[in-house]
Amino acid sequence: MKTTFVLVHSPAVGPSTWAPVAESLERRGHAAVVPDLTGVTAGETPYWPRVVEKVRAATPPGTSVVLAGHSNAGLYLPLIKEGLDGQVVACVFADASLPPRDGPVKVAEDGFLPFLRDLAGPDGMLPRWTDWWDEEDVVALLPDPAVRVRVAAEQPRLPLDYYTQSLPVPAGWDDVRCSLLWYGPPYDSIAEEAARRGWPVTRLPGQHLHQVIDPEGVTDALLKLSGKS
């Protein structure tokens, strides 16, 4: 059966954060899609069913699927896997949050919420993700000015309650090949947790959006970790 790589971006950014890897995969003869999740908070809570719906709509039927989630998109992979009805053969977490084996998980840890509350406006909306940080930090993440403009322009403004929601985690979601690719701190502690679970773990040193900076290296790692190299 043909395999499709489904590259899931955090709802805080946009599909251009995975697009270079999708292009690299396609150049190597692999099918790849990047569902656009920038509109998932339009409407009432909970938001996660719209994440699953968007990914399902973008995923070709009748193919096996390697799911790769970046940043807090990792928390959605169990629900996406369940929504794809047996298509998923591997999950790769790329500098991503790890869901528990089962039970609810908060999108943001309690210790991070005061920072977010200080950022939120009177309407409960947050600035764009790159506007949370000092300019020099964003330049370090995205050194190319044209790429930086493109990534920033497609970011949605998320409501604060996106980060205060909890997600259900279906039991047994990790019964397929699971692995972690990490770039650097603070994902070192997540790498330790993945190793405790017995998962393959690979480090590719870089900043949090390293898949934009080094798509070929990240593609190499995805293929190896998913068993598709």
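Structure first, text after, so check above.
The structure reproduced in this document is the subject of the present report. (Residues numbered from 1 in each chain as written. Predicted model: local features only at pLDDT ≥ 70, side-chain atom pairs only at ≥ 80, totals over all residues. Heavy atoms only, no water.)

## Quick word on the overall build of the chain
Next up, step 1: Secondary structure summary: the chain contains ten helices and eight strands in total.
Next up, step 2: Structurally, the chain occupies a C-alpha span of about 50 × 40 × 35 Å along its principal axes.
Next up, step 3: When each of the 229 residues of the chain is scored for burial, the buried share is 54%.
Next up, step 4: Taking the contacts inside the chain whose residues are at least 6 apart along the sequence as the reference set, 73% of them involve residues at least 24 apart.
Next up, step 5: Accessible area of the chain: about 10,000 Å², with a carbon and sulfur share of 52%.
Next up, step 6: Taking the average place of the 20 positive charges on the side chains of the chain and the average place of its 29 negative ones, the gap between the two points comes to 6 Å. (Helix = DSSP H or I, 4+ residues; strand = E, 2+ residues; numbered from the N terminus. Buried < 20%, exposed > 50% of the residue type's maximum accessible area, 1.4 Å probe, protein only. Contact = heavy atoms within 4.5 Å. Areas by Shrake-Rupley, 256 points an atom, 1.4 Å probe, with all protein chains shown as cover. Lys, Arg positive; Asp, Glu negative; His and termini not counted. Charge placed at Lys NZ, Arg CZ, Asp CG, Glu CD.)

## Things to note about the environment of Glu154
Next up, step 1: Inspection of the secondary structure puts Glu154 in the loop between α6 (145-153) and α7 (160-164).
Next up, step 2: In this structure Glu154 comes out as partly exposed when scored by relative accessible area, which is 24%.
Next up, step 3: When the C-alpha atoms of Glu154 and Ser16 are compared, they prove to be 8.2 Å apart, with 138 residues separating the residues in sequence.
Next up, step 4: Among the polar contacts made by the side chain of Glu154, one reaches the side chain of Ser16 at a distance of 2.5 Å. (Polar contact = N/O pair within 3.5 Å; in protein donor to acceptor, adjacent residues only side chain to side chain.)

## Quick look at the packing of aromatic side chains
Next up, step 1: Enumeration over the complete set of coordinates arrives at twelve aromatic pairs.
Next up, step 2: Ring centres 6.3 Å apart and planes at 50 degrees place the aromatic pair Phe112 and Trp132 in the tilted group. Linking Phe112 in the loop between β5 (105-106) and α4 (113-119) with Trp132 in the loop between α4 and α5 (135-141), this pair joins segments that are 20 residues apart in sequence.
Next up, step 3: Residue classification places Trp132 among the buried positions, given a relative accessible area of 10%.
Next up, step 4: Each ring, one from Phe115 and one from Trp132, has its centre 6.2 Å from the other, and the planes form 75 degrees; the classification is edge-to-face. Taken together, the residues span a long stretch of sequence, with Phe115 in helix α4 and Trp132 in the loop between α4 and α5 at a distance of 17 residues.
Next up, step 5: The exposure class of Phe115 is partly exposed, given its relative accessible area of 30%. (Phe/Tyr/Trp six-rings, centres within 6.5 Å; stacked < 30°, edge-to-face > 60°.)

## Considerations on the pairing of strand β7 (residues 177-182)
Next up, step 1: Within β7, five of the six residues are buried, which leaves the element mostly enclosed by the surrounding structure.
Next up, step 2: Alignment of strand β4 (residues 88-96) against β7, held across five bridges, turns out to be parallel. Bridge assignment links Ala94 to a residue of β7, and that residue is Leu181.
Next up, step 3: Pairing between β7 and strand β8 (residues 201-203): three bridges, direction parallel. Bridge pairing links Leu180 to Val201 in β8. (Pairing = 2+ DSSP bridges.)

## Brief notes about the pattern of salt bridges
Next up, step 1: Here the structure, examined in full by the defined rule, presents ten salt bridges.
Next up, step 2: Across the pair Arg27 and Glu216 runs a salt bridge, and its minimum N-O distance is 2.5 Å. Linking Arg27 in helix α1 (residues 19-27) with Glu216 in helix α10 (residues 215-225), this pair joins segments that are 189 residues apart in sequence.
Next up, step 3: Note on Arg27: relative accessible area 57%, which makes it exposed.
Next up, step 4: Residue classification places Glu216 among the partly exposed residues on the basis of a relative accessible area of 32%.
Next up, step 5: Of the charged contacts, one joins Lys106 and Asp110 as a salt bridge, the two residues approaching to 3.0 Å between their closest N and O atoms.
Next up, step 6: Counted as one network, the salt bridges with shared partners bring together Arg27, Arg28, Glu216 and Asp220. (Salt bridge = Lys/Arg side-chain N within 4 Å of Asp/Glu carboxyl O.)

## A short note on the pairing of β4
Next up, step 1: Buried residues dominate β4, accounting for eight of its nine residues.
Next up, step 2: Bridge analysis of strand β3 (residues 64-71) against β4 gives seven bridges, and the strand direction is parallel. When the sheet's bridge partners are listed, His70 is paired in β4 with Ala94.
Next up, step 3: Handedness of the crossover joining β3 and β4 through helix α3 (residues 77-83) is recorded here as right-handed. (Right-handed = clockwise from strand over helix to strand, strands pointing away.)

## Some details on helix α8 (residues 188-196)
Next up, step 1: Every buried residue of α8 is accounted for by Ile190, Ala191 and Ala194. Relative to the axis of α8, the buried residues are bounded by an arc of 105 degrees and lie together on one face.
Next up, step 2: In the stretch just after α8, Gly198 is the one whose phi turns positive, near 85 degrees. (Arc of directions from axis to C-beta.)

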